[in-house]
Every structure is written in structure tokens, then in C-alpha cells.
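Residues per chain are reported as follows:
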Amino acid sequence: MVRRSLLYSPGDDREMLETAVETDTDAVIFDLEDAVAPDAKAEARRTVRSALDDLTDPTPSIMVRVNPYDRTGRADVDAVVGDVADPPDGIVLPKVDDPATVAALHDRLADLGAGDVDIIPLIETAAGVVAVEEIAAAPGVAAVAYGDQDFTADVGATVTDDKTESLYARQRTVVAAAAAGVDALDTVHTDIEDTTGLREQTEFVADLGFDGKLAIHPGQVPVINEAFTPTSEEIDWAETVLARQDEASEGGSGVFTVDGQMIDPPLVERARTIVRRAEAAGIR
């Protein structure tokens, strides 16, 4: 499943939920947490449940961000998974500090007959970053997402334009996801008017190894999708590398050249990643 862009949409606004599903995002996240005021959460739960029941073969994956599991998260899950005919494709679980929370959700989904629903933990605290390896490897996890706003507040960091204060947390999330064989998703870019900044940030995290990025406005989706979609030149290079690698293997050689560049195993793996992303985006 491709997860280049994942668009949040407020769970208490039915029109916005329907609009989000019609965008080119790879996944829509019906949000019951931060996008909903405390006194509107009960109504949001009903709105999301109704929207899920009324969906007819949507193009993007449909996910729901519930509230923290130790608060009203379990009740959210019961409503949007147990009380609907077609459960969402995934549950986004906020403020995960340890794998036990993920295990509790995984067990509850199994009890509801929805064990195949993906779990995406949000790493938003210092404790979550420290435990991200175990969280990423927990049963049912399909991806881990880094949440910058809560993390920087939790550690008392000064937020800078170049985001150096969150580089360690981002890199640790990427490494943990890669070790567990799941996707790594980057935090939202909160300035919806700053297309240039969004593009620069998305290209940077793609270079770090992230597989996708969270979005808060439909206008951000094309920028994010483009950054995580290989160019035709990159695809040509990757396909050439993989073809030459096959030839070199048949000849008993581990190293070869492409356009004068020495190609070793790390670059072969890079070529495979480019091809996988192209296939996921439907352009190969």
C-alpha cells in the first residue's frame, strides 16, 4: 500500500470528510482527536461512523485517528470499528509511549473481528521516541508516524525554521521503521500557505528515508505526492542499475559501473527503493 500523503480531515465536519475522500491523497484520516473541540467529540464520533457506513469503494485508504487509548480511544475504536459494516483500513493511535498501548488496541481489534485493520502509532513524546523500536515492531503496526508539535513541546525544544531540534527524533523513527519493515511517516507542515517550505521539508524527509508525510489541507497533497514520486530520470537510473546488477551477478562480480559511477550494494538497494516507490505510485 502506498502512503505518500495522508490527509487529516475533522471528524465533526461531514462535508470536509466527503471532500477529502475526493482528493488525490493516498489516505484520508478522519480525525477524532486534535481537529475536534472537546465538547464536539461525541458528535464527531457519530459523524465519522455515519461517513464510514456511507462510503462506496473510496479511492484513498480510509483511516481514523482516535483519541489517546487510555482516555476515550477505546470507545472511539468500538464506535468506528465495532459499530460499522465496513471498518476503516487503519487506526491512527496518538501519543504512543510504549508497545503495550499498541498491543491493547491490537487485541481489541481482534475481539471486534477486525484484526486486519492497520495500526499507525504516532510518536509524539520523548518516551515514544525512546521506545519507537519496540513500538514499530508491535503486532498490527503498518507504519509509524512522527508528530513534531507535541514532541518539541514535550522536550521543551525551541522550534526553528530548519527543524534541527527534531532531527534526532525523525532519524530514530526512520531507523526503527526500517528495522521493523514498516513505513515511516513524517509530521504535518502547519503553514498551509507555505508551499515552498512544504516542498523543501518533504524533499528533505524523503531523503532521510521517510515513505510519506501527513497533511492538514488538500492543497498540500500534490506537493507531498510529487516529492515521494521518483522522476523519470531516477527510474531510468534505477532500472539500469538493477539490470546491470543481474548481469554482474551472473558474471560473478559484486561491483560494476553505470554511467561511470561505481555501483556497490548500498546503491543497488537505493535503486530497489526507487523502483518500489515508482510501482507504488503507479508509474512503473
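Residues numbered from 1 in each chain as written. Predicted model: local features only at pLDDT ≥ 70, side-chain atom pairs only at ≥ 80, totals over all residues. Heavy atoms only, no water.

1. Regarding the overall build of the protein chain
A count of helical and extended segments in the protein chain gives twelve helices and ten strands. For 284 residues, the compact-globule estimate of 2.2 N^0.38 gives 19 Å, and the protein chain sits close to it at 20 Å. Projected onto its principal axes, the C-alpha positions of the protein chain cover 65 × 45 × 40 Å. Taking all 284 residues of the protein chain together, 47% fall into the buried category. Taking the contacts inside the protein chain whose residues are at least 6 apart along the sequence as the reference set, 68% of them involve residues at least 24 apart. Accessible surface for the protein chain amounts to roughly 13,100 Å². Of this, 48% is attributable to carbon and sulfur atoms. With 23 positive and 57 negative side-chain charges, the protein chain shows a separation of 3 Å between the mean positions of the two kinds. (Helix = DSSP H or I, 4+ residues; strand = E, 2+ residues; numbered from the N terminus. Rg over C-alpha atoms; globule rule 2.2 N^0.38 Å. Buried < 20%, exposed > 50% of the residue type's maximum accessible area, 1.4 Å probe, protein only. Contact = heavy atoms within 4.5 Å. Areas by Shrake-Rupley, 256 points an atom, 1.4 Å probe, with all protein chains shown as cover. Lys, Arg positive; Asp, Glu negative; His and termini not counted. Charge placed at Lys NZ, Arg CZ, Asp CG, Glu CD.)

2. Details of the sheet that holds strand β6 (residues 143-146)
Read once around its circumference, the closed barrel built from eight strands follows the order β1-β2-β3-β4-β5-β6-β7-β8, with strand pairing classed as parallel. Ignoring which end each strand starts from, the neighbouring axes of this sheet average 25 degrees apart. With two bridges joining them, strand β7 (residues 183-186) and strand β8 (residues 212-215) adopt parallel strand pairing. Counterpart to Leu 185 in the pairing with β8 is Gly 212. Docked against the sheet, helix α1 (residues 14-21) engages β1 (5-10), β2 (27-31) and β3 (61-65), running at close to 165 degrees with respect to β1. (Pairing = 2+ DSSP bridges. Axes fitted to C-alpha atoms, helices over the stretch in contact; angles between N-to-C directions.)

3. Points about the UniProt feature "domain: HpcH/HpaI aldolase/citrate lyase" (unreviewed entry) in the protein chain
Within this structure's numbering, the places UniProt gives as "domain: HpcH/HpaI aldolase/citrate lyase" (unreviewed entry) are residues 4-218. Helix makes up 44% of residues 4-218 and strand 18%, with an end-to-end C-alpha separation of 14 Å. (UniProt positions renumbered as here; feature names shortened; annotations may be inferred.)

4. A few points about the environment of Phe 256
In this structure, Phe 256 sits in strand β9 (residues 256-258). Judged by its relative accessible area of 7%, Phe 256 falls in the buried class. Taking C-alpha positions, Phe 256 is 9.0 Å from Val 241, a pair spaced 15 residues apart along the chain. With sequence-adjacent residues up to four places away left out, Phe 256 is seen in contact with Val 241, Arg 244, Gln 245, Ala 248, Gln 261, Met 262, Ile 263 and Val 268.

5. A few points about the pairing of β2
Burial analysis of β2 places five of its five residues in the buried class, the great majority of the element. As paired elements, β1 and β2 share five bridges and run parallel to each other. If you follow Pro 10 over to β2, its bridge partner there is Asp 31. The handedness of the β1 to β2 crossover, carried by α1, is right-handed. Relative to β3, β2 runs parallel, the two sharing five bridges. Opposite Asp 31, over in β3, you have Arg 65 as the bridge partner. In this fold, the crossover linking β2 to β3 by way of helix α2 (residues 41-54) has right-handed handedness. (Right-handed = clockwise from strand over helix to strand, strands pointing away.)

6. Considering the packing of helix α11 (residues 232-250) against helix α12 (residues 265-280)
In contact at an axis separation of 9 Å, α11 and α12 are set at 130 degrees when each is read in the N-to-C sense. Here α11 is positioned oblique relative to α12, judged by the angle of their axes. In this structure, the crossing between α11 and α12 has a hand that is left-handed. Each of Glu 234, Ile 235, Trp 237, Ala 238, Glu 239, Val 241, Leu 242 and Gln 245 in α11 lies in contact with α12, whose residues at this interface are Leu 267, Val 268, Arg 270, Ala 271, Arg 272, Ile 274, Val 275 and Ala 278. (Parallel < 35°, antiparallel > 145°, perpendicular 65-115°, else oblique. Left-handed = near helix turned anticlockwise from the far one by under 90°.)

7. So, the nonpolar core
Judged by nonpolar contacts, the single largest core of 57 residues is most densely connected at Phe 30, Val 64 and Val 80. A total of five residues in this core trace back to one element, the largest contributor, which is helix α3 (residues 69-82). Residues Ala 27, Met 63, Val 92 and Val 188 belong to the second largest nonpolar core, which totals 13 residues. (Core = buried A, V, L, I, M, F, W, Y, C linked by side-chain atoms within 4.5 Å.)

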